[in-house]
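# Structural characterization, general
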Amino acid sequence: MKPFKTLTSQAIPLPVENIDTDQIIPARFLKAIDKKGFGDNLFRDWRYHKDGQANQDFVLNNPRFSGAILVAGDNFGCGSSREHAAWAIKDYGFKVIISSFFADIFKGNALNNGLLPIQVTDEFLKSVLTHIESNPTSELTIDLEAQMLQTPIGYVNFEIDPYKRLCLINGYDDIEFLLSKKEEIQAFEFKLEK
């Protein structure tokens, strides 16, 4: 994974509550085991009509909005535990998702795949969504080291598991984290052998 320390980007508003993993990536697209290509079918049934034509009313098809930050409604990532949902969001190009609540399994899958879920209050989320919808070129800044989200309407600090924060900042997955501790592990083993 690539290290994540700060990000400044425009954001895409998706003010829909209870977005489940089947809406994020429909089950019929879960046949592949490679993480690449899932972004093509992110929100497939919302992005496209049944005839395959783009749904111009859906925000990802609206040229007014772009960016690496998705701002979504409450209870994002509920439903089945498919890791493919995080893969699809990441493969599409998002690096951060902001919501007022994330399903636990989705949150873990996101963090394990280098995707930062930021949980804010309902009130702050509504204000940010309203601002972005009216000002699509506005930028948000995330400082992961300071655990701060800066928006044109103010800033908030957010919580993140310290271990996952360390992994994101350094670009580690769980195996790479262990490999980064190789010398310490070897020194410990050496002490045990004495």
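Each remark here, short or long, concerns the structure printed above.
This section reports on the structure supplied with the text.

Rules used in this analysis
- Residues numbered from 1 in each chain as written.
- Predicted model: local features only at pLDDT ≥ 70, side-chain atom pairs only at ≥ 80, totals over all residues.
- Heavy atoms only, no water.
- Buried < 20%, exposed > 50% of the residue type's maximum accessible area, 1.4 Å probe, protein only.
- Helix = DSSP H or I, 4+ residues; strand = E, 2+ residues; numbered from the N terminus.
- Contact = heavy atoms within 4.5 Å.
- Polar contact = N/O pair within 3.5 Å; in protein donor to acceptor, adjacent residues only side chain to side chain.
- Pairing = 2+ DSSP bridges.
- Axes fitted to C-alpha atoms, helices over the stretch in contact; angles between N-to-C directions.
- Core = buried A, V, L, I, M, F, W, Y, C linked by side-chain atoms within 4.5 Å.
- Phe/Tyr/Trp six-rings, centres within 6.5 Å; stacked < 30°, edge-to-face > 60°.

## So, helix H3 (residues 84–92)
Listed as buried for H3 are His84, Ala85, Ala86, Trp87, Ala88 and Ile89. On its buried side, H3 packs onto helix H1 (21–24), strand S3 (96–99) and helix H4 (104–112).

## Concerning the environment of Leu111
Within the fold, Leu111 resides in helix H4. With relative accessibility at 10%, the residue Leu111 sits in the buried group. With 53 residues separating them along the chain, Leu111 and Lys164 place their C-alpha atoms 6.6 Å apart. Not counting residues up to four positions away in its chain, the partners in contact with Leu111 are Leu116, Pro117, Ile160, Lys164 and Leu168.

## Comments concerning helix H6 (residues 162–170)
Those residues of H6 that sit buried are Lys164, Cys167, Leu168 and Ile169. Contacts from the buried residues of H6 go to H4, strand S4 (116–119) and helix H7 (174–180). Two to three positions downstream of the cap, the backbone nitrogen of Tyr163 sits 2.9 Å from a side-chain oxygen, assigning the N-cap of H6 to Asp161.

## Thoughts on the sheet that holds S3
Within the open sheet, the 7 strands sit side by side as S4-S3-S2-S1-S5-S6-S7. Their pairing is mixed. Strands at the two margins of the open sheet, each flanked by one partner only, are S4 and strand S7 (154–157). Going from strand to strand, the sheet's axes swing by 25° on average, the running direction of each strand aside. Judged from the 4 bridges that link them, S3 and S4 form a sheet pairing that is parallel. Bridge pairing in S4 links Ile97 to Pro117.

## Topic: the environment of Leu115
Structurally, the position occupied by Leu115 is in the loop between H4 and S4. Discounting chain neighbours no more than four positions away, the residues touching Leu115 are Ala86, Ile89, Lys90, Phe94, Lys95, Val96, Ile97, Ala110 and Leu168.

## A closer look at the nonpolar core
Counting residues in hydrophobic clusters, the biggest one holds 54 residues, and the most contacted among them are Phe43, Phe76, Ile98, Phe106, Leu116, Ile142 and Leu149. If sequence neighbours within four positions are ignored, Ile98 has contacts with Ile69, Leu70, Val71, Ala72, Ile118, Val120, Leu125, Leu140 and Leu149.

## Quick look at the packing of aromatic side chains
What characterises a pair of aromatic rings is the spacing of the ring centres plus the angle enclosed by the ring planes. With the rule as written, the count across this model stands at 10 aromatic pairs. When the centroid spacing of 5.5 Å and the interplanar angle of 65° are considered together, the rings of Phe38 and Trp87 count as edge-to-face. One end of the pair, Phe38, is in the loop between H1 and helix H2 (44–47); the other, Trp87, is in helix H3, and 49 residues separate them in sequence. A single burial state applies to Phe38 and to Trp87, both of which are buried. Between Phe76 and Phe102, the ring centres sit 6.3 Å apart and the planes meet at 75°, which makes this aromatic pair edge-to-face. One end of the pair, Phe76, is in the loop between strand S2 (69–72) and H3; the other, Phe102, is in the loop between S3 and H4, and 26 residues separate them in sequence. Neither Phe76 nor Phe102 differs from the other in exposure class; each is buried. Through a chain of ring-to-ring contacts, the aromatic side chains of Phe43, Trp46 and Phe58 assemble into a single cluster.

Interpretation note: all reported values are geometric properties and have no functional meaning in isolation.
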